[in-house]
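This is what each chain is made of:
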Amino acid sequence: MRFIRYVTIAELDEEMIVAQDVFDQSGRVLIAAGKSLNREIINSLPRYSVARIAVQENVVPLITSDEIYQPVSLVGAEIRGKLLECVGAAFADGNAFPEVFSQLERQVWQIIQELSKRSNVLIHLEQMDWMGDYLFVHSAHVGLFSIAIGMAMGLSRQELYLLGMGGLLHDLGKVRIDAEILNKETALSFREFKAVKEHALLGYNLLRTDESMDHRIMLMALQHHERCNGSGYPWGILGAQIHPLAKIVAVADVYDALTTDRVYRTKMTSSEAIQIIQAGAGIQFDEKVLQAFQKVAIPYSIGENVRLDNGLWGKVVRLNTSNLKRPWIQTQQGELNLLRETKLNIVGVAS
């Protein structure tokens, strides 16, 4: 049975087969998935600041199960490049947005078509480490994550399309916010934070200039910072007043923001971000959305070192799709499937 293993450059050997595309800092493909490594390729990787890559590994599992899953990227290199290009064009000039609307539509429908072919659609952060302008990359992530959550909720293709468009364009209003404020490394003043919060209304107003725009896409831009208990902005409305699709984008937005490095803080692990979001169930975030979110957001990455409550440390080697919180762990005492070892729990992650 073939699995994926993440290895550092120092651990690479000739004849290893690359499991996933390797990119440089500009997003160009350095090594395509499926290619065998040689010494020349290995020696060239440090020049491109590549720290580790995914390679294929043949493993015989302790048991054979349809629940065993090796995560793959939500989208391939070609779709990713086109998506970032389209998002960048839309954000370059809010007034020119209608001109690139059809391009965004085509990308969203292509993504939905591709993801619909899979038996499992999971958000795996190891596959989402994209290079580029934060605003563009964040918007692309939120669009993809929103679609993944919507699929777990069983939404129709039309609703998935709207989610994708709303997620991609939720932060459009930030093109009207001073870049110095958005990229400030220290705490924002009251005036600066007030200016940032205006992006939701600004985005809504930019989108409504297109008479053909579906009002639900506009509402996702307007309401993605609203919270079920009324603590959000711009209007401070309660859960029943927030559009259901905006509630999905809200979760995707927070998850990506927490798990991405920013100029003012380092990123959290997936498990830390999921815990924070889950703590807001029924308070800040819709409970039905969070139930779906837990089905697609992988808390522990393959290769991540975790601590069990019996004191053992181990490395995550495979996932169980029926319960992503209970993966397979390789320990000094052998490989453990936490789906079967019900008395063991993960209680910590190595920093």
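Colleague: Help me understand the overall build of the chain, please; the structure alone is not making it clear to me.
Modeller: Of the regular secondary structure elements, the chain holds twelve helices and ten strands. Counting every position in the chain, which comprises 351 residues, the buried fraction comes to 51%. By sequence separation, contacts in the chain at least 24 residues apart represent 63% of the contacts at least 6 residues apart.

Colleague: What is the right way to read the layout of surface pockets from this model?
Modeller: Rolled over the atoms, a probe sized like a water molecule indicates the empty space that remains. The volume enclosed by the second largest pocket comes to roughly 1000 Å³. Taken together, 37 residues form the lining of the second largest pocket, with Lys-174, Val-196, His-225, Arg-262 and Tyr-264 sitting closest to its centre. Secondary structure elements with two or more residues in the lining of the second largest pocket: α4 (134-152), α6 (179-182), α7 (190-197) and α10 (244-258). Along the lines of polarity and charge, the residues of the lining of the second largest pocket split into 20 nonpolar, nine polar and eight charged.

Colleague: Teacher, can you tell me more about the packing of helix α9 (residues 215-223) against α10 here?
Modeller: Think of two packed helices as two axes; the pair is described by the angle between the axes and how far apart they sit. The N-to-C vectors of α9 and α10 enclose an angle of 45 degrees; their axes lie 9 Å apart at closest approach. As far as their axial angle goes, α10 and α9 are oblique. As α9 packs across α10, the resulting crossing turns out to be right-handed. In this structure, α9 uses Arg-216, Leu-219, Met-220 and Gln-223 to contact α10, whose residues at the interface are Leu-245, Ala-246 and Val-249.

Colleague: Can you walk me through empty space enclosed by the protein in this structure?
Modeller: Under the defined criterion, the tally for this structure stands at one cavity of 30 Å³ or more. Forming the boundary of the largest cavity are Gln-223, Glu-226, Arg-227, Cys-228, Ile-242, Ala-246, Lys-247, Ala-250, Val-251, Gln-284, Phe-285 and Asp-286. Sorting elements by how many residues they give to the lining of the largest cavity places α10 first, with four residues. Class assignment for the residues of the lining of the largest cavity results in six nonpolar, two polar and four charged.

Colleague: How should I be thinking about the environment of Leu-308 in this particular structure?
Modeller: By the element assignment, Leu-308 lies in strand β6 (residues 305-308). Take Leu-308: its relative accessible area is 0%, and that puts it in the buried class. Between the C-alpha atoms of Leu-308 and Asn-345, which are 37 residues apart in sequence, the distance is 5.5 Å. Those residues within four positions of Leu-308 in sequence are excluded, and the remaining contacts are Thr-331, Leu-336, Leu-338, Leu-344, Asn-345, Ile-346 and Val-347.

Colleague: Any chance you could explain unusual backbone geometry here in plain terms?
Modeller: Across the junction of Tyr-233 and Pro-234, the peptide omega takes the value 15 degrees, indicating a cis bond. With respect to the secondary-structure elements, Pro-234 resides in the loop between α9 and α10.

Colleague: Help me out: how do you make sense of the nonpolar core in this one?
Modeller: Soluble globular proteins: nonpolar side chains tend toward being buried together. Ranked by size, the top nonpolar core spans 63 residues in total, and within it Ile-149, Leu-169, Tyr-255, Ile-277 and Phe-293 carry the most contacts. Here Phe-293 is in contact with Ile-149, Val-251, Tyr-255, Ile-274, Ile-277 and Gln-278, once residues within four sequence places are set aside.

Colleague: Would you mind going over the pattern of salt bridges with me for this structure?
Modeller: Applying the stated criterion across every chain yields a total of eight salt bridges. For the salt bridge of Glu-14 with Arg-39, the shortest nitrogen-to-oxygen distance reads 3.9 Å. Of this pair, Glu-14 sits in the loop between β1 (2-8) and β2 (22-23) while Arg-39 sits in helix α1 (residues 39-44); the two residues are 25 residues apart in sequence, bridging distant segments of the chain. Using a relative accessible area of 42% as the deciding quantity, one classes Glu-14 as partly exposed. Here Arg-39 falls in the partly exposed class, since its relative accessible area comes to 36%.

Colleague: Help me understand the pairing of strand β7 (residues 313-320), please; the structure alone is not making it clear to me.
Modeller: Where burial is concerned, most of β7 is hidden: six out of the eight residues are buried. Bridge analysis of β6 against β7 gives three bridges, and the strand direction is antiparallel. By the bridge assignment for β7, Val-306 is matched with Gly-314. Between β6 and β7, which follow one another and run antiparallel, lie four residues, and Gly-311 among them has a positive phi close to 95 degrees. Here β7 pairs with strand β8 (residues 328-331) via four bridges, running antiparallel.

Colleague: Got a minute to help me understand the packing of aromatic side chains in this structure?
Modeller: As enumerated under the stated definition, the model contains four aromatic pairs in all. Relative to Tyr-161, the ring of Trp-109 has its centre 5.0 Å away and its plane inclined at 0 degrees; by these criteria the two rings are stacked. Here Trp-109 is found in helix α3 (residues 97-116), whereas its partner Tyr-161 is found in helix α5 (residues 157-169), with 52 residues between them in sequence. Relative accessible area serves as the criterion here: at 7%, Tyr-161 is assigned to the buried category. The structure contains a cluster of three or more aromatic residues connected by ring pairs, namely Phe-145, Tyr-255 and Phe-293.

Colleague: Please clarify how the environment of Gly-230 should be interpreted in this entry.
Modeller: When you line up the elements, Gly-230 lands in the loop between α9 and α10. Residue contacts for Gly-230: discarding those within four places in its chain leaves Gly-236, Ile-237 and Leu-238.

Colleague: I would appreciate a short explanation of α9 in the present structure.
Modeller: An α-helical turn contains 3.6 residues, so any two residues separated by three or four positions project in the same direction. Among the nine residues in α9, seven count as buried, and that is most of the element. Next to the buried residues of α9 lie α5, α8 (199-207) and α10. Capping the start of α9 is the job of one residue whose side-chain oxygen sits 2.8 Å from the backbone nitrogen of Arg-216: Asp-214.

What counts, and where the lines are drawn
- Residue positions are given per chain, counted from 1 along the sequence in the order it is written.
- Reporting of local features is limited, given that this is a predicted model, to residues whose pLDDT is at least 70; pairs of side-chain atoms are given and counted only at 80 or more, and all residues count toward the totals for whole chains, interfaces and linings.
- To obtain the side-chain values, all non-hydrogen atoms of the structure were included, while hydrogens and water were left out.
- Only DSSP runs of H or I with at least four residues qualify as helices, and only runs of E with at least two residues qualify as strands; both kinds are numbered from the N terminus onward.
- Exposure classes here rest on a 1.4 Å probe applied to the protein chains alone. A residue is buried below 20% of its type maximum, exposed above 50%, and partly exposed in between.
- Throughout, a contact is declared for two residues whenever any of their heavy atoms are within 4.5 Å.
- Grid points spaced at 1 Å over the protein atoms alone were grouped into cavities, where a 1.4 Å probe fits but cannot get out, and pockets, open sets with protein on both sides within 12 Å along at least five of seven lines, with lining residues defined by an atom within 4 Å of a point.
- Grid points are joined across faces, edges and corners, and a volume is the space filled by probe spheres set on the points.
- Under the grouping applied here, Gly and all other residues not named as nonpolar or charged are polar, the nonpolar ones being Ala, Val, Leu, Ile, Met, Phe, Trp, Tyr, Cys and Pro and the charged ones Asp, Glu, Lys and Arg.
- As a rule, the C-alpha atoms of each element are fitted with a line to give its axis, helices using only the stretch in contact, and angles between N-to-C directions run from 0 to 180 degrees.
- Note on terminology: angles under 35 degrees are roughly parallel, angles over 145 are roughly antiparallel, angles of 65 to 115 are roughly perpendicular, and the others are oblique.
- Left-handed describes a crossing whose near helix is turned anticlockwise from the far helix through less than a right angle; right-handed describes the clockwise counterpart.
- Here the nonpolar core consists of buried residues drawn from Ala, Val, Leu, Ile, Met, Phe, Trp, Tyr and Cys, with membership extended through side-chain atoms lying within 4.5 Å.
- We define a salt bridge as a side-chain nitrogen of Lys or Arg found within 4 Å of a carboxyl oxygen belonging to Asp or Glu.
- The pairing criterion is simple: DSSP has to find at least two bridges between the two strands.
- Here a pair means two rings of Phe, Tyr or Trp (six-membered ring of Trp) with centres within 6.5 Å. Their orientation is stacked below 30 degrees between planes, edge-to-face above 60, and tilted elsewhere.
- Here a polar contact is recorded for every N or O atom pair within 3.5 Å, except that within protein the pair must consist of a potential hydrogen donor and a potential acceptor, and residues adjacent in sequence are included only if both atoms are side-chain atoms.

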